Amino acid sequence: MRRNSRIFWNNTKGVISKERCDAPQAHLSARYTDIWAPRKVMNFATAFLNYLAKTHFDTRYQAFDLFLEIPKGFKARKHITSRIVTQADVENVLYAVKTAFENGEIDNDHFVNYRALLMFGAFAGQRPQATIARLTVGQFRNAVSLEKPVLDILPEQDKIRMQHYCPLHPQVVETIAPLLNGRLDHELMFKQLSFERWLRRQKVPLMHGGRKFLLGDLRKFCEQERDILQWDQSNKNYILTHGVSGVDWRFYKSPRSGPVFDIYMKYWGDVELAG
């Protein structure tokens, strides 16, 4: 939202006119080759103009929607994603973090935090910005104190605002343990933004497709590994809050922490990431 508003403001400078509304289109066309990023900015701009029309009691703002529409084009039908993330890819990033620490590029505090974030992201598949960046030390401290370590993720820490349990793999418990010492419960657990910037600079290549590893690929790995492990679909959807908008999820299902952990470990228990 901040990025969208910044792009819109930098191109309009607070003036709503045809020329100023055409400027974001030109800027986005020059910067992006796909339609997804421009569409997000234009959707934000349209919603903002509608907000101005309501708060200023002036419907003229809505008339400029015409200049914010994304040009229609033929959409190629894609059945599967071309971005493949394997266990070896995650281990390559773990190795890159270890190498950076050994070479003195990052200190021990960042090394331990980055490694724990990688392990948690790969095994838990949570969204980087909506969830991982908002988790606190206290939540993990409570989780590891349980016989079956399960993280209680709050509604405000989830993209679709669904409170849910997230099991912690033994490797995750092991790597986050050093992060709990001497820290206050309200502190954010991970240096998510710092790691995201570091990862973009490192440009660790994916083994398939020649692309670079991004923080969001940890969720893709968890999703794609599901097909290899034959992970229970219901358990996977609940933990990742993916595809849980149906009637059965809203009115019938009510997973408990113990069974959620047991089912998860049935499939992920033997998985181990090197590094």
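Just above sits the structure.
Quantities reported herein were computed from a predicted structural model and do not represent experimental measurements.

## Notes on a nonpolar patch on the surface
Part 1 of the argument: A cluster of nonpolar residues, Val247, Phe251 and Tyr252, forms a patch on the protein surface that exposes about 400 Å² of accessible area.
Part 2 of the argument: Tracing the sequence through the fold places Tyr252 in the loop between helix H11 (247-251) and helix H12 (257-268).

## Remarks on the packing of helix H2 (residues 18-31) against helix H3 (residues 36-55)
Part 1 of the argument: One way to put it is that H2 packs onto H3 with a least axis distance of 9 Å and a crossing angle of 160°. The pairing of H2 with H3 is recorded here as roughly antiparallel in orientation. Here H2 and H3 pass one another in a crossing that is right-handed. Within the contact between the two elements, H2 uses Pro24, Gln25 and Leu28 and H3 uses Pro38, Val41 and Met42.
Part 2 of the argument: Class assignment of the residues belonging to the contact of H2 with H3 gives a composition of 5 nonpolar, 1 polar and no charged.

## What to know about a positive patch on the surface
Part 1 of the argument: A cluster of basic side chains, namely Arg2, Arg3, Arg6, Arg31, Lys40, Lys159 and Arg200, defines a positive patch on the protein surface.
Part 2 of the argument: Here the positive patch gets 3 residues from one element, more than from any other, and that element is helix H1 (residues 2-12).
Part 3 of the argument: Along the polypeptide, Lys40 turns up in helix H3.
Part 4 of the argument: The exposed category is assigned to Lys40, whose relative accessible area is 57%.

## Observations concerning the pattern of salt bridges
Part 1 of the argument: Tallied over the full model, the rule gives 9 salt bridges.
Part 2 of the argument: Linking Arg60 and Asp58 is a salt bridge whose minimum nitrogen-to-oxygen distance equals 2.8 Å.
Part 3 of the argument: Residues Lys148 and Asp262 are paired through a salt bridge, measuring 2.8 Å at the closest nitrogen-oxygen approach. Here the residue Lys148 occupies a position in the loop between helix H6 (137-144) and strand S1 (150-153), and Asp262 occupies one in helix H12, the gap between them amounting to 114 residues.
Part 4 of the argument: Lys148 sits in the partly exposed class, given a relative accessible area of 33%.
Part 5 of the argument: For Asp262, a relative accessible area of 37% puts it in the partly exposed group.

## Notes on the side chain of Glu196
Part 1 of the argument: By the element assignment, Glu196 lies in helix H8 (residues 192-202).
Part 2 of the argument: For the buried Glu196, no salt bridge exists, and the shortest N-O distance to an oppositely charged side chain is 4.1 Å, to Arg200.
Part 3 of the argument: Contact partners of Glu196, with chain neighbours within four places excluded, come to Gln129 and Leu215.

## Some thoughts on the packing of aromatic side chains
Aromatic ring pairs are defined here through the distance separating the ring centres and the angle between the ring planes.
Part 1 of the argument: Under the defined criterion, the tally for this structure stands at 15 aromatic pairs.
Part 2 of the argument: With 5.7 Å between their ring centres and 25° between their planes, Phe120 and Phe190 make a pair best called stacked. Taken together, the positions of Phe120 in helix H5 (residues 108-124) and Phe190 in the loop between helix H7 (170-176) and H8 put the pair 70 residues apart, joining distant regions of the chain.
Part 3 of the argument: Assessed through its relative accessible area of 1%, Phe120 is described here as buried.
Part 4 of the argument: Look at Trp231 and Trp268: their rings are 5.6 Å apart centre to centre, the planes differ by 85°, and that puts the pair in the edge-to-face class. Here the residue Trp231 occupies a position in the loop between helix H9 (217-229) and helix H10 (233-240), and Trp268 occupies one in helix H12, the gap between them amounting to 37 residues. Considered together, Trp231 and Trp268 belong to a single accessibility category, that of buried residues.
Part 5 of the argument: Among the aromatic residues, those joined into a ring-pair cluster are Phe123, Phe221, Trp231, Tyr264 and Trp268.
Part 6 of the argument: When the ring centre of Trp249 is taken as origin, the NZ or CZ atom of Lys253, which lies over that ring, is 5.2 Å away.

## Considering the packing of H1 against H3
Part 1 of the argument: Close contact between H1 and H3 brings their axes to 9 Å; oriented N to C, the two are set at 75°. The angle between the axes of H1 and H3 places the two elements in the roughly perpendicular class. On the side of H1, the interface is formed by Asn4, Ser5, Ile7 and Phe8, while H3 contributes Lys40, Val41, Phe44, Ala45 and Phe48.
Part 2 of the argument: Its residues assigned to classes, the contact of H1 with H3 shows 6 nonpolar, 2 polar and 1 charged.

## Side note on the nonpolar core
Part 1 of the argument: Counting 59 residues, the largest nonpolar core has Phe120, Phe140, Leu151, Phe190, Phe195, Trp198 and Phe213 as the members making the most contacts within it.
Part 2 of the argument: Here the element with the most residues in this core is H5; it accounts for 11 residues.
Part 3 of the argument: In this structure, Ile7, Phe8, Leu28 and Ala45 belong to the second largest nonpolar core, which totals 12 residues.

The rules behind the values
Residues numbered from 1 in each chain as written. Predicted model: local features only at pLDDT ≥ 70, side-chain atom pairs only at ≥ 80, totals over all residues. Heavy atoms only, no water. Patch = residues over 30% accessible without salt bridge, like charges linked within 9 Å, V, L, I, M, F, W, Y side chains within 5 Å. Areas by Shrake-Rupley, 256 points an atom, 1.4 Å probe, with all protein chains shown as cover. Salt bridge = Lys/Arg side-chain N within 4 Å of Asp/Glu carboxyl O. Helix = DSSP H or I, 4+ residues; strand = E, 2+ residues; numbered from the N terminus. Axes fitted to C-alpha atoms, helices over the stretch in contact; angles between N-to-C directions. Parallel < 35°, antiparallel > 145°, perpendicular 65-115°, else oblique. Left-handed = near helix turned anticlockwise from the far one by under 90°. Contact = heavy atoms within 4.5 Å. Nonpolar A, V, L, I, M, F, W, Y, C, P; charged D, E, K, R; others polar. Lys, Arg positive; Asp, Glu negative; His and termini not counted. Charge placed at Lys NZ, Arg CZ, Asp CG, Glu CD. Buried < 20%, exposed > 50% of the residue type's maximum accessible area, 1.4 Å probe, protein only. Phe/Tyr/Trp six-rings, centres within 6.5 Å; stacked < 30°, edge-to-face > 60°. Lys NZ or Arg CZ within 6 Å of the ring centre and 35° of its normal. Core = buried A, V, L, I, M, F, W, Y, C linked by side-chain atoms within 4.5 Å.

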